[in-house]
Amino acid sequence: VLDGLSTYYTEDGVLAKRVLYKQDKKVAEEDYYSEQGKLKSKSKYSDTDELIATIFYYDTGKIKENNKITYQHTMKTEAKVSYYENGTMQEKSENKQDPQNKFYSRFSEYYDKQGKLTDRSEYINNQKNGLFMDSRSKIIENYKLGKLHGEYLYLDENNHILEKGNYKEGKKIG
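If you're wondering where the values come from, they're calculated on a predicted model, not measured in any experiment. Each residue is numbered by its place in its chain's sequence as written, counting from 1. This being a predicted model, a pLDDT of at least 70 is required before a residue's local features are given, and a value of 80 or more before pairs of side-chain atoms are given or counted; all residues contribute to the totals for chains, interfaces and linings. By convention in this description, side-chain values take in all heavy atoms of the structure and omit both hydrogens and water.

Only DSSP runs of H or I with at least four residues qualify as helices, and only runs of E with at least two residues qualify as strands; both kinds are numbered from the N terminus onward. Within the secondary structure, Met 133 is located in strand 12 (residues 130–134). Per-residue accessibility, obtained with a 1.4 Å probe over protein chains only, is compared with the maximum for each type, and a residue is labelled buried under 20%, exposed over 50%, and partly exposed between these values. A relative accessible area of 19% means that Met 133 is categorised as buried. For the pair formed by Met 133 and Tyr 152, sequence separation is 19 residues and the distance between their alpha carbons is 9.8 Å. We call two residues in contact when some of their heavy atoms are within 4.5 Å. Sequence-distant contacts of Met 133, defined by excluding residues within four places in its chain, comprise Leu 117, Thr 118, Asp 119, Arg 120, Ile 139 and Ile 140.

Moving on to the layout of surface pockets. Using only the protein atoms, space was sampled on a 1 Å grid; points where a 1.4 Å probe fits but cannot get out form cavities, open sets with protein on both sides within 12 Å along at least five of seven lines form pockets, and lining residues are those with an atom within 4 Å of a point. Grid points are joined across faces, edges and corners, and a volume is the space filled by probe spheres set on the points. Approximately 210 Å³ is the volume attributed to the largest pocket. The wall of the largest pocket is formed by Asp 112, Lys 116, Leu 117, Thr 118, Met 133, Asp 134, Ser 135, Lys 138, Ile 139, Ile 140, Leu 155 and Asn 159. Counting only elements with at least two residues in the lining of the largest pocket, the list comes to strand 10 (117–124), strand 12 and strand 13 (139–144). Considered class by class, the residues forming the lining of the largest pocket number 5 nonpolar, 3 polar and 4 charged. Put simply, the second largest pocket is a space of about 170 Å³. Together, 13 residues line the second largest pocket, and Asp 119, Arg 120, Phe 132, Met 133 and Asp 134 are the ones closest to its centre. Residue assignment for the lining of the second largest pocket shows that the elements contributing at least two residues are strand 9 (103–111), strand 10, strand 12 and strand 13. Partitioned by chemical class, the residues of the lining of the second largest pocket number 5 nonpolar, 2 polar and 6 charged. The classification used treats Ala, Val, Leu, Ile, Met, Phe, Trp, Tyr, Cys and Pro as nonpolar, Asp, Glu, Lys and Arg as charged, and all other residues, Gly among them, as polar.

Time to look at the nonpolar core. Tyr 123, Phe 132, Tyr 143, Leu 148, Tyr 152 and Tyr 167 form the largest nonpolar core, which has 6 residues in total. Not counting chain neighbours up to four residues away, the residues in contact with Phe 132 comprise Arg 120, Ser 121, Glu 122, Tyr 123, Ile 139, Ile 140, Glu 141 and Tyr 143. Only buried residues count toward a nonpolar core. Its members are Ala, Val, Leu, Ile, Met, Phe, Trp, Tyr and Cys residues joined through side-chain atoms within 4.5 Å.

Attention now goes to the packing of aromatic side chains. Pairing of aromatic rings covers Phe, Tyr and Trp, the last counted by its six-membered ring, and requires centre-to-centre distances within 6.5 Å; plane angles under 30 degrees mean stacked, over 60 mean edge-to-face, and any other angle means tilted. The final tally for this structure, using the stated rule, is 4 aromatic pairs. Each ring, one from Tyr 152 and one from Tyr 154, has its centre 4.9 Å from the other, and the planes form 45°; the classification is tilted. Residue class for Tyr 154 comes out partly exposed when judged on its relative accessible area of 22%. Clustering of aromatic rings is evident, with ring pairs tying together Tyr 123, Phe 132 and Tyr 143. Of note, Lys 17 hangs over the ring of Tyr 8, and the distance from its end group to the ring centre comes to 5.2 Å. Positioned over the ring face of Phe 132 is Lys 128, at 5.1 Å from the centre of the ring. By the criterion adopted, a ring carries a charge over it if an Arg CZ or a Lys NZ lies within 6 Å of its centre and within 35 degrees of its normal.

Before going further, it helps to spend a moment on the side chain of Asp 156. You can see Asp 156 is positioned in the loop between strand 15 (150–155) and strand 16 (161–168). Here Asp 156 occupies a buried position and makes no salt bridge, while the nearest side chain of opposite charge, Lys 138, is found at 7.0 Å. Apart from the residues within four sequence positions on either side, Asp 156 is in contact with Lys 138 and Leu 162. Only four residue types enter the tally: Lys and Arg on the positive side, Asp and Glu on the negative side; His and the chain ends are excluded. The term salt bridge refers to a pairing of a side-chain nitrogen on Lys or Arg with a carboxyl oxygen on Asp or Glu at a separation within 4 Å.

Our next topic: the pattern of salt bridges. Within the structure shown, the criterion is met by 12 salt bridges. Measuring nitrogen to oxygen at the nearest pair gives 3.1 Å for the salt bridge that ties Lys 42 to Glu 29. Of this pair, Lys 42 sits in strand 4 (residues 39–45) while Glu 29 is found in strand 3 (residues 25–33), placing the two residues 13 residues apart along the sequence. By relative accessible area, which is 29% here, Glu 29 ends up partly exposed. We note a salt bridge from Lys 164 to Glu 151, for which the minimum N-O separation is 3.7 Å. Of the two residues, Lys 164 is situated in strand 16 and Glu 151 in strand 15; the sequence distance between them amounts to 13 residues. Glu 151 sits in the partly exposed class, given a relative accessible area of 36%. Connected through shared salt-bridge partners, Glu 29, Asp 31, Lys 42 and Lys 44 make up one network.

Here's what the structure looks like:
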């Protein structure tokens, strides 16, 4: 039976992993290290041995990605924030699942290295919802439960407006 802090080393004697166990279950934290002994990731576990958070690191020690998992009744929420090496946010996303109530939502945003929002999407039960931005196809649209609703913009390669208008409940109004 594993109970207490377990420390693991490579064949070369470099710290590889640390895990805190209580009656054969991971509790508190689990840390992984690179071949050079630098912290690569840090994971946290609940009292029931469920993963609730993981942070990944660049070799410089800066945070590369931060993941959190929360549970509330039958709803599971997974949130992620990742960063460029310069510390600027690269991606922010959140997924919510509630199989018992047949609910699923997904939200994500992407940023360039200067911190400018480039892409955004949101879904509720696999239907587009909210602001959509696609930097590759140069589209900005608003949706309400799968239907175009609100202002839309179509841009050229220089971000000049090619077309602009509005929708209400999926019908073009201007």
